[in-house]
Every structure is written in structure tokens, then in C-alpha cells.
Amino acid sequence: MTRTRGKDALGPSKRQRGRRNRVVHVFTEGELTEPSYIDIMKDVLKDQTLPVDVRIANASAPGSRRKPINLVEAAVPLMRELAVEAKRSRLREEFWPQVWCLFDRDDHQQLEQALIQAREGQVRVAFSHPCFEVWRLLHHKDVAGTFNQVCDLVTARLPFKETVNIKKVRPEQILGRYAEAKKRALRMNAQHSDHVPLQKRDPYTDVYHFVEQGLGLTAY
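Below or above, wherever it landed, is the structure these notes cover.

Reading the values: the criteria
- Residues numbered from 1 in each chain as written.
- Predicted model: local features only at pLDDT ≥ 70, side-chain atom pairs only at ≥ 80, totals over all residues.
- Heavy atoms only, no water.
- Helix = DSSP H or I, 4+ residues; strand = E, 2+ residues; numbered from the N terminus.
- Buried < 20%, exposed > 50% of the residue type's maximum accessible area, 1.4 Å probe, protein only.
- Areas by Shrake-Rupley, 256 points an atom, 1.4 Å probe, with all protein chains shown as cover.
- Salt bridge = Lys/Arg side-chain N within 4 Å of Asp/Glu carboxyl O.
- Expected span 1.5 Å × (residues − 1).
- Contact = heavy atoms within 4.5 Å.
- Axes fitted to C-alpha atoms, helices over the stretch in contact; angles between N-to-C directions.
- Parallel < 35°, antiparallel > 145°, perpendicular 65-115°, else oblique.
- Nonpolar A, V, L, I, M, F, W, Y, C, P; charged D, E, K, R; others polar.

### Points about the overall build of the protein chain
Scanning the protein chain from terminus to terminus reveals nine helices and seven strands. With the C-alpha coordinates aligned to their principal axes, the bounding extent of the protein chain is approximately 50 × 35 × 35 Å. Here the protein chain holds 220 residues, and the buried ones make up 50% of them. Counting only carbon and sulfur atoms, one obtains 47% of the accessible surface of the protein chain, whose full area is about 11700 Å².

### Remarks on the pattern of salt bridges
Counted by the stated rule, this structure contains six salt bridges. We note a salt bridge from Glu-133 to Arg-136, for which the minimum N-O separation is 3.8 Å. Taken together, the residues Glu-133 and Arg-136, both in helix 5 (residues 133-138) and three residues apart, mark about one turn of the helix. Exposure class is identical for Glu-133 and Arg-136. Each is buried.

### Overview of helix 2 (residues 33-45)
Along its 13 residues, helix 2 runs 19 Å from first to last C-alpha, staying within 8% of the 18 Å computed at 1.5 Å per residue. Elements in contact with the buried residues of helix 2: strand 3 (22-28), strand 4 (52-56), strand 5 (98-104), helix 5, helix 7 (171-174) and helix 9 (207-214).

### Let's talk about the packing of helix 8 (residues 178-189) against helix 9
For any two helices packed against each other, the geometry comes down to the angle between their axes and how far apart the axes lie. With their axes 10 Å apart at the nearest point, helix 8 and helix 9 run at an angle of 130° to one another. Viewed along their axes, helix 8 and helix 9 adopt a mutual orientation that is oblique. Between helix 8 and helix 9, the residues in contact are Tyr-178, Lys-182, Ala-185, Leu-186 and Asn-189 and Tyr-208, Val-211 and Glu-212, respectively. Residues that form the contact of helix 8 with helix 9 fall into these classes: five nonpolar, one polar and two charged.

Set out below in C-alpha cells:
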């Protein structure tokens, strides 16, 4: 991603009644699940006091370029550029842009390296083990047991059947359920000791960090 191309693709920040939107750039591993979830969040954000402009930064990336290490390697230089621009513009802290990567454990290689590079590059990560579907499932029930990096085992537990594509998140599947989903996630994550590396916590998800720290939401 070159500097000019990145700026053209992501566009300028909007202003509303003298306020500048805080921009959140998101690199997603999934081509459908996470983007469809974010589309729902965009609708929720329309009613928020502090505007947040959420942009999928790698919307046109092929599947071969969506591994965690690929996402982070594209996200870090973007974050570096945005930080320089924010300082130059003397933006107040609440308007500073954020760059997030949403990715899963699955059976990815270089996962630990991706997490380290993201942390060092001030790129935030929302991580799920084995996959984002754990977060979807928590909107409906507690999650117990391990999945051994097999996402299909999580998908099979989802309490709805889709005639088109189960990977697409639909509003009725999640809206009104955030508080319970977060409680269940915290309870599920608490079974893992702090010394256990993130990539070895099965099951696990911290997508609620993206919801609250990235999008500024505490409910939906």
C-alpha cells in the first residue's frame, strides 16, 4: 500500500456541525463475516454523539492477502502515516485515528509475529480463537469446551440456519444482545491464565475491545 493510494482509497475525514469525525480504519481477515458485522455497527453509530467514521481498509484485498501477518504489515505503515498527520494537524486526542486488525487463530502461521508487530506499530487487534464466529455465538449462549482451531465446530453451534450464507452477520442475530455477549466473553476468557499466550487460548475473543475502544459503543 503506497501512501498516495492509501489516502485515495480511504478518503478525507468528514465534519459535522464543526466536529471532526474520528476515523477508524479496519483490516479484516474475513471477506464477509467481519465486514457485514461492521456494516451493522455503522448503522448503530449513526445515533451516537461523537461521530465515528469506520472504513474497511482492505475491502478489495484477495483472500491470499488476508492472513494476520499480511493485515498487520499493511496496517502498520498506515498507522504511522496517520499519526504523523494527526500530530501535524494538532488534533485533539478524541479525534485521533485508529487502525485495527480483526483476525482469528484458525491455523495461521506467523501469528505471534503478527501480534508483536501490531503492538510495536500501535495497531490494535481484536482477536478470536478459533474464529470470529465465537463472538457471534456468545450473543446467544455460553461457550464451553475447546475447538482445536476448527471454526466449523463453532459455526455448527450457531442457533440459526441460513438459506443463503451463514457467514453473513444479520442485524436480528446480534442487536439487543451486546451486554450478554460481553459478559459471556469475559466469563469464557477468564478460564485462561494470564501467562497463557493469546494464540493458545481456546476458546477466546476480545472483539468487545473493538466495539468499545474503537467504535465508542457500550451497547447495541
